[in-house]
Amino acid sequence: MKNFFRELNDCAASMFTINRQGVAILIFLPIIYTLLFAGLFYKNSLTNIPMIICNLDDGSAGRSLVEDFINTPELKVISVEGDALDDEKFLREDTAAGVVIIPKDFSNKIARGENVSVELVANYSSSVIGGTVVRAVQSVVATKNFEVLINRRIAAGWNETQAVAQLSASTRILFNPTGGYTDFFLAALILHGGQIAMVFVLEPSLAIRKKYRGENLFRNPVRCLGAKIFLYTLFESAVMAICLAIGIKFFGMICRGNPSEILILVAAYVACVTAFGLMMGAVAREPHQAIMWSLFYVMPSVLFAGAIWPRTSMDNISLFLSYVMPIGYAANDLRNLLVKGTAAGVEVHIAALLLMSAIFFAAAVGVLKFKGAKVFANDNAQGIQPADT
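Just so you know, these numbers come straight off a predicted model, no measurement behind them.

S.K.: Would you take a moment to explain the overall build of the protein chain for this structure?
M.R.: For the protein chain, the count of helices and strands is 15 helices and 4 strands. For 389 residues, the compact-globule estimate of 2.2 N^0.38 gives 21 Å, and the C-alpha radius of gyration of the protein chain, at 30 Å, exceeds that figure by more than 25%. Seen through its C-alpha atoms, the protein chain measures out along the principal axes to roughly 105 × 45 × 40 Å. Burial analysis of the protein chain (389 residues in total) assigns 45% to the buried set.

Right, here's the structure in full:
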């Protein structure tokens, strides 16, 4: 135990002397991720999506509908045209996300009580933008349709109370009622920023130490790696907590969960990522190899986390990948803890993260012991005396 605490002290000292740049990356990369993406989502919904209105109608109903579109916050009407358009040309050139076409006889048909159709040509190359455009236009048209219905009822002799009576659906939306992007994306992206920081710092630093100062590392891998996983988990968990605090304090992230439960989940995730970094650093011969190999595992992992695309809709390969990546056990649970206050099965997922940590850690120790045995065998063959460097 005395040797372990000495190793902890040496590891902590090297963090802030030899590896100061790495520590800076561990701190600022997740914080920069948080600030950049929280700033990107700060409106919490899509607004000002460019639209073109092609109003072929000369009547008041057409002009009124144009005003309704102009006053819709999701849409930004950049042009109102009175002539027919090559609408597909505008969409191909990304001039607008959609074109609304109000037909020539719109006002006349409304006045005669006939059916009339407003056409929307939407650019669905981005499903997020296209879906927002479709919902916004449908909402405006539905509101106008109800207004027309009321006017017809009043013209038919109904009193005002009777005229506004309607059939409606009562809807309750829980946990993220606005559908805000901050609450949907940010938790997963903070975790993703943390694992990227670990890849760029821990793995190459271990590969360098193994190559140039590896005597003690090869002789005492459990003690050396144990000190690293303890310190880096503690340190990066604190950074993750700061990132979450920034999101909650300055960007309106909802937090209904128990702080201690959130911190335990984050710490288990960081421990797993740290152990994975140690394993890759132990395996790789050169620092750049450690980074390059890990990026194939780390970079796409956020897509398979179950937090952006649900596991229920994944194919079998994607589903398998979501269960062999640490973020798959943390991202969705962290968001649920924040927005719902609870996450079903979080205890099981924390245990899975700790189990994966143990597997990665054991693999790192085994690799170092194997490589150390080869190094010492070569040294003995050459008559080199061991020295703890």
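There is more to say after this.
S.K.: Explain the environment of G193 here, please?
M.R.: Considering the arrangement of structural elements, one finds G193 in helix α8 (residues 181-212). Separated by 162 residues in the primary sequence, G193 and I31 have C-alpha atoms spaced 8.1 Å apart. Setting aside residues up to four positions removed in sequence, G193 forms contacts with L29, P30 and Y33.

S.K.: What exactly am I supposed to notice about the sheet that holds strand β2 (residues 75-81) here?
M.R.: Whenever strands of a sheet pair, they do so through backbone hydrogen bonds, lying parallel or antiparallel. Taken in spatial order, the 4 strands make up an open sheet running β2-β1-β3-β4, and their pairing is mixed. Looking at strand neighbours, the two that pair on one side only are β2 and β4 (119-122), the edges of this open sheet. If you compare each strand with its neighbour and ignore which way they point, the axes differ by 20° on average. Across 6 bridges, the pairing between strand β1 (residues 49-55) and β2 is parallel.

S.K.: Would you mind showing me how to read the pattern of salt bridges here?
M.R.: For side chains bearing opposite charge, pairing can occur when the charged atoms are close. Considering all chains together, one arrives at 6 salt bridges under this definition. R112 serves as the salt-bridge partner of E114, at 2.8 Å between the closest nitrogen and oxygen. The partly exposed category is assigned to E114, whose relative accessible area is 35%. Residue classification places R112 among the exposed positions, given a relative accessible area of 52%. In this structure, R219 and E215 form a salt bridge, with 2.6 Å as the shortest nitrogen-oxygen distance. Placement of both R219 and E215 in helix α9 (residues 215-219) is noted, with a separation of 4 residues, approximately one turn of the helix. Connected through salt bridges with shared partners, the residues D68, K144 and E147 form a single ionic network.

S.K.: Any chance you could explain helix α1 (residues 2-15) here in plain terms?
M.R.: An α-helical segment advances 3.6 residues per turn. Residues three or four places apart therefore align on the same side. Taking 1.5 Å per residue, 14 residues should reach 20 Å; α1 reaches 20 Å between its end C-alpha atoms and fits that length. Taken together, the buried positions of α1 are E7, L8, C11 and M15. Seen along its axis, α1 keeps its buried residues to an arc of 105°; they face one direction. In α1, the exposed residues that point more than 90 degrees away from the buried face are K2, F5, R6 and N9. In this structure, the buried residues of α1 make contact with α2 (20-40), α8, α9 and α10 (221-251).

S.K.: I keep staring at the nonpolar core and nothing clicks. Help me out?
M.R.: Side chains of a nonpolar character, in soluble globular proteins, are inclined to be buried together. Ranked by internal contacts, the top residues of the largest apolar core, which has 72 residues, are L225, L244, L265, Y269, L334 and L353. Sort the elements by how many residues they give to this core and helix α11 (residues 259-283) lands first, with 14 residues. With residues near it in sequence (within four places) discarded, L244 still touches I190, M253, I262, V266, L334 and L338. Counting 16 residues, the second-largest nonpolar core is a separate cluster that includes A61, V100, F106 and V140.

S.K.: Even after reading the chapter, I still don't get the packing of α11 against helix α12 (residues 287-298), so can you show me in this structure?
M.R.: Look at α11 against α12: their axes get within 9 Å of each other, and the N-to-C directions meet at 140°. One element, α11, and the other, α12, form an angle in the oblique class. As for the relative orientation of α11 and α12, their crossing is right-handed in sense. Along its contact with α11, which presents F276, M280 and V283, the element α12 presents A290, W293, S294, Y297 and V298.

S.K.: For this particular structure, what's the right way to read helix α14 (residues 331-339)?
M.R.: Of all 9 residues making up α14, 8 are buried, and the element is well covered by its neighbours. For α14, every residue scored as buried is listed here: A331, D333, L334, R335, N336, L337, L338 and V339. Just past α14, the residue G341 takes up positive phi, approximately 90°.

S.K.: Mind showing me how you'd approach unusual backbone geometry here?
M.R.: Glycine aside, a negative phi is what most residues show, and trans is what most peptide bonds show. If you check the backbone angles, N44 has positive phi at about 70° while not being a glycine. On the secondary structure map, N44 appears in the loop between α2 and β1. For F175, which is not glycine, the phi dihedral falls at a positive 75°. Along the chain, F175 turns up in the loop between α7 (160-163) and α8.

What counts and what doesn't
- Residues numbered from 1 in each chain as written.
- Predicted model: local features only at pLDDT ≥ 70, side-chain atom pairs only at ≥ 80, totals over all residues.
- Heavy atoms only, no water.
- Helix = DSSP H or I, 4+ residues; strand = E, 2+ residues; numbered from the N terminus.
- Rg over C-alpha atoms; globule rule 2.2 N^0.38 Å.
- Buried < 20%, exposed > 50% of the residue type's maximum accessible area, 1.4 Å probe, protein only.
- Contact = heavy atoms within 4.5 Å.
- Pairing = 2+ DSSP bridges.
- Axes fitted to C-alpha atoms, helices over the stretch in contact; angles between N-to-C directions.
- Salt bridge = Lys/Arg side-chain N within 4 Å of Asp/Glu carboxyl O.
- Expected span 1.5 Å × (residues − 1).
- Arc of directions from axis to C-beta.
- Core = buried A, V, L, I, M, F, W, Y, C linked by side-chain atoms within 4.5 Å.
- Parallel < 35°, antiparallel > 145°, perpendicular 65-115°, else oblique.
- Left-handed = near helix turned anticlockwise from the far one by under 90°.

Interpretation note: all reported values are geometric properties and have no functional meaning in isolation.
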